[in-house]
Amino acid sequence: MSKLPITVVVSVKNEELNLPHCLEKLSSFSEVVVIDSQSTDKTPAIVKQFGFKIVDFNWDGKFPKKRNWTLRNVDLKNDWILFLDADEFLTDAFIKEIGEKTKDSNFKGFWLNYNNYFMGKELKHGDKMKKLALFKKDSGEYEQIQEDSWSHLDMEVHEHPIIDGEIGKIGSPIIHKDYKGLEHYIARHNAYSTWEAKRYLFLLKTGFNDLTKRQKIKYQFINSGLLPMIYFMGSFVLKLGFLDGLAGYRLAKYKANYFFQIQTKIAELKHTK
């Protein structure tokens, strides 16, 4: 059976626990490239066990970050690129669907859906994560934000790809298990909220035109101060997050608090300046 002409790019740093479960799902693809940020655990050895290509990445704190750097500097043999994290696991249904939809497609990219887990439980309701993580390599790249080490995040997390062309959707979800304990979860979102606050102040100067509709709405509500409450009510009540029980409630509260962190950090930065 011929393999799918799609290059899978897996971005990692010290992912020895998740990585084997991620890589074992990728045998259907003609190329898999792991971009490693100086891992000190067994990550490089695991990649070699699977026989996939590994590329070292050492961020200098400036543009480009990991994914744009990969698009610009790594020889990727396929036109279609799928960006994955080590805690994202593909299903047979997803692989089959992208194989069919990328073949002779007029689309330049696809929005992907994710099934999330939190504190050991699959969340079937609430606010679902979506990412534009499958696109043709000559159709665009992740947005460039003029940051000078706003955080220690060496990879595009909230930057979105700007694609020149029509965008489709993949219905089959990816399994997303990014939970590594509350301490890690809280620390990571503390870094994210700092980045978001500084980015918001940057966008006040440059404009919000290139953002997605969801991003524009998010920043409008951040500016009003209502986003934490609106997010919680939308995710937990309107999107039926309460049907996921205590895990659904906890995640909605943590995400609402994340937006509260962004708002208060923006206020602090404005006051400091």
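Residues numbered from 1 in each chain as written. Predicted model: local features only at pLDDT ≥ 70, side-chain atom pairs only at ≥ 80, totals over all residues. Heavy atoms only, no water.

This next bit is on the nonpolar core. In this structure, Val 10, Leu 23, Leu 26, Phe 29, Leu 82 and Leu 112 are the most contacted members of the largest nonpolar core, which totals 46 residues. Residue assignment for this core shows that the elements contributing at least two residues are strand S1 (4-12), helix H1 (19-23), strand S2 (29-36), helix H2 (43-50), strand S4 (80-85), helix H4 (92-101), strand S6 (109-118) and strand S8 (130-136). Counting residues in each nonpolar core, the second largest holds 17 residues, with Ile 145, Ile 222, Tyr 231 and Ile 266 among its members. (Core = buried A, V, L, I, M, F, W, Y, C linked by side-chain atoms within 4.5 Å. Buried < 20%, exposed > 50% of the residue type's maximum accessible area, 1.4 Å probe, protein only. Helix = DSSP H or I, 4+ residues; strand = E, 2+ residues; numbered from the N terminus.)

Time to look at the side chain of Glu 159. In this structure, Glu 159 sits in the loop between strand S9 (140-142) and strand S10 (161-163). Judged by relative accessible area, Glu 159 falls into the buried class, the value being 7%. A polar side-chain atom of Glu 159 sits 3.4 Å from a polar atom in the side chain of Lys 65. (Polar contact = N/O pair within 3.5 Å; in protein donor to acceptor, adjacent residues only side chain to side chain.)

Each pair of packed helices can be summarised by the angle the axes make with each other and by the distance between the axes. At a minimum axis separation of 10 Å, helix H6 (residues 213-224) and helix H8 (residues 245-272) run at an interaxial angle of 60°. Classified by the angle their axes make, H6 and H8 are oblique. The two elements H6 and H8 cross, and the hand of that crossing is right-handed. Residue-level contacts link Lys 218, Phe 221 and Ile 222 of H6 to Phe 259, Ile 262, Gln 263 and Ile 266 of H8. (Axes fitted to C-alpha atoms, helices over the stretch in contact; angles between N-to-C directions. Parallel < 35°, antiparallel > 145°, perpendicular 65-115°, else oblique. Left-handed = near helix turned anticlockwise from the far one by under 90°. Contact = heavy atoms within 4.5 Å.)

Turning our attention to the packing of aromatic side chains. Per the counting criterion, the structure on display carries 17 aromatic pairs. Geometrically, the ring pair formed by Phe 50 and Phe 52 is stacked, given 6.0 Å between the ring centres and 15° between the ring planes. Relative accessible area serves as the criterion here: at 33%, Phe 50 is assigned to the partly exposed category. The rings of Phe 232, Phe 236, Phe 242 and Tyr 249 are connected pair by pair, giving a single aromatic cluster. The cationic tip of Lys 177 hangs over the ring face of Tyr 117; the distance from NZ or CZ to the ring centre is 4.5 Å. (Phe/Tyr/Trp six-rings, centres within 6.5 Å; stacked < 30°, edge-to-face > 60°. Lys NZ or Arg CZ within 6 Å of the ring centre and 35° of its normal.)

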